[in-house]
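So you can see what is in the structure, the chains are spelled out below.
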Amino acid sequence: SQQGEEDPQALSIQEGENATMNCSYKTSINNLQWYRQNSGRGLVHLILIRSNEREKHSGRLRVTLDTSKKSSSLLITASRAADTASYFCAPYGNKLVFGAGTILRVKS
Amino acid sequence: EAQVTQNPRYLITVTGKKLTVTCSQNMNHEYMSWYRQDPGLGLRQIYYSMNVEVTDKGDVPEGYKVSRKEKRNFPLILESPSPNQTSLYFCASTPGLGPHSPLHFGNGTRLTVT
């Protein structure tokens, strides 16, 4: 299926450390989107990377995309307690499909 | 403020009692969609709409209805709710004709059917 699968399922780090989350998918895509969800709230769009892009930055976020391996990663640098949330990748081919997410906990 | 507004935020009901969850966006977006979120399953699409009077089934449409009579509103209707529809529901919209551009989400409706 096109569904993104995030890895790890959960991640716990100290404030100031970097957090890396990975996403794999199975079919060809037009773009891949990353979203954040704070406890039970609506998802917030973080970054979109197109299939012809390899890397994209937004503030402390860095996303990479390897279409040959059908994988993407989200790196959050210098993490803060406020980054504690669930993170979802959503590959877009002919439709947008969300994975089950990575739960990130940043301890202060 | 540009936003997607869902109501109510919390809803507890009994099996078989018809209910409607409202969704409204003030961004003049073409595309609107409903998702449900269940633990370990991520978000699954229920229905979507690419324009007024145009609606299509998503991945899990059974037991749900929608309508799009106006561009800004996209209500989700459960004609006869059942306990397996207990879930967290999200409405989302985007300016394009599909989710190839980022989705704007509402804050969710937590539904419990007893």
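The sections below set out a description of the structure shown in this document.

Rules of the game
- Residues numbered from 1 in each chain as written.
- Chains lettered and ligands numbered in written order.
- Predicted model: local features only at pLDDT ≥ 70, side-chain atom pairs only at ≥ 80, totals over all residues.
- Heavy atoms only, no water.
- Core = buried A, V, L, I, M, F, W, Y, C linked by side-chain atoms within 4.5 Å.
- Buried < 20%, exposed > 50% of the residue type's maximum accessible area, 1.4 Å probe, protein only.
- Helix = DSSP H or I, 4+ residues; strand = E, 2+ residues; numbered from the N terminus.
- Contact = heavy atoms within 4.5 Å.
- Disulfide = S-S within 2.5 Å.
- Pairing = 2+ DSSP bridges.
- 1 Å grid on protein atoms, 1.4 Å probe; cavity = no way out; pocket = protein on both sides within 12 Å on 5 of 7 lines; lining within 4 Å.
- Points joined across faces, edges and corners; volume = space filled by probe spheres on them.
- Nonpolar A, V, L, I, M, F, W, Y, C, P; charged D, E, K, R; others polar.
- Buried area = accessible area lost by both parts, 1.4 Å probe.
- Salt bridge = Lys/Arg side-chain N within 4 Å of Asp/Glu carboxyl O.
- Polar contact = N/O pair within 3.5 Å; in protein donor to acceptor, adjacent residues only side chain to side chain.

## Comments concerning the nonpolar core
Residue and element names in this part refer to chain A.
So, point 1. Core analysis: the biggest nonpolar cluster contains 21 residues, and Leu-32, Trp-34, Leu-74, Ile-76, Tyr-87 and Leu-104 have the highest contact counts within it.
So, point 2. Where this core is concerned, the elements lending two or more residues are strand S3 (19-24), strand S4 (31-37), strand S5 (43-50), strand S7 (61-66), strand S8 (71-76), strand S9 (85-92) and strand S10 (102-107).
So, point 3. Leave out the neighbours within four places in its chain, and Leu-104 touches Leu-11, Ile-13, Ala-19, Met-21, Ile-76, Asp-83, Thr-84, Ala-85 and Tyr-87.

## Side note on the state of the cysteines
So, point 1. Throughout the structure, instances matching the rule amount to 2 disulfides over all chains.
So, point 2. Residue Cys23(A) pairs covalently with Cys89(A) via a disulfide, S to S 2.0 Å. A torsion of 65 degrees about the S-S bond marks the disulfide between Cys23(A) and Cys89(A) as right-handed. Placement of the pair is Cys23(A) in strand S3 and Cys89(A) in strand S9, with a sequence separation of 66 residues. Considered together, Cys23(A) and Cys89(A) belong to a single accessibility category, that of buried residues.
So, point 3. One disulfide in the model links Cys23(B) with Cys91(B); its S-S distance is 1.9 Å. Looking down the S-S bond of the Cys23(B) and Cys91(B) bridge, the torsion is -70 degrees, so its handedness is left-handed. Of the two residues, Cys23(B) sits in strand S3 (residues 19-25) while Cys91(B) sits in strand S9 (residues 87-94), which places them 68 residues apart along the sequence.
So, point 4. Judged by its relative accessible area of 0%, Cys91(B) falls in the buried class.

## A word on unusual backbone geometry
So, point 1. Cis peptide bonds are those with omega within 30 degrees of zero, and the linkage from Asp7(A) to Pro8(A) qualifies with 0 degrees.
So, point 2. Take Pro8(A): it is sitting in the loop between strand S1 (5-7) and strand S2 (10-14).
So, point 3. A positive phi angle, near 55 degrees, is found at Lys70(A), a position not held by glycine.
So, point 4. With respect to the element layout, Lys70(A) can be found in the loop between S7 and S8.
So, point 5. Even without a glycine there, the phi angle at Asn28(B) is positive, about 60 degrees.

## Looking at the sheet that holds strand S7 (residues 65-66) of chain B
So, point 1. An order of S1-S3-S8-S7 (chain B) is seen for the 4 strands of this open sheet, with the pairing classed as antiparallel. Each having just a single partner strand, strand S1 (4-7) and S7 of chain B make up the two edges of the open sheet.

## What to know about the layout of surface pockets
So, point 1. Approximately 420 Å³ is the volume found for the largest pocket.
So, point 2. Around the largest pocket, the lining is made up of 25 residues, and of these Gln37(A), Ser86(A), Phe88(A), Ile103(A) and Gln37(B) lie nearest the centre.
So, point 3. The biggest single contributor to the lining of the largest pocket is S10(A), with 4 residues.
So, point 4. Looking at the lining of the largest pocket residue by residue, the classes come out as 9 nonpolar, 13 polar and 3 charged.
So, point 5. Lining the second largest pocket are 18 residues, with Gly42(A), Val4(B), Phe105(B), Gly106(B) and Asn107(B) sitting closest to its centre.
So, point 6. Taken together, the elements giving at least two residues each to the lining of the second largest pocket come down to S4 and S5 of chain A together with S1 and strand S10 (104-105) of chain B.
So, point 7. Here the lining of the second largest pocket gets 3 residues from one element, more than from any other, and that element is S1(B).

## Description of the interface of chain A and chain B
So, point 1. Facing the 18 residues of chain A at the interface are 19 residues of chain B.
So, point 2. Looking only at chain A, the three residues that lose the most surface to chain B are Arg41(A), Leu43(A) and Phe98(A), adding up to 30% of its buried area.
So, point 3. Run the count over chain A and chain B and you get 1 salt bridge.
So, point 4. Of the charged contacts, one joins Asp59(B) and Lys95(A) as a salt bridge, the two residues approaching to 2.6 Å between their closest N and O atoms.
So, point 5. Across the chain A-chain B interface, the total number found is 5 residue pairs in polar contact (both at pLDDT 80 or more).

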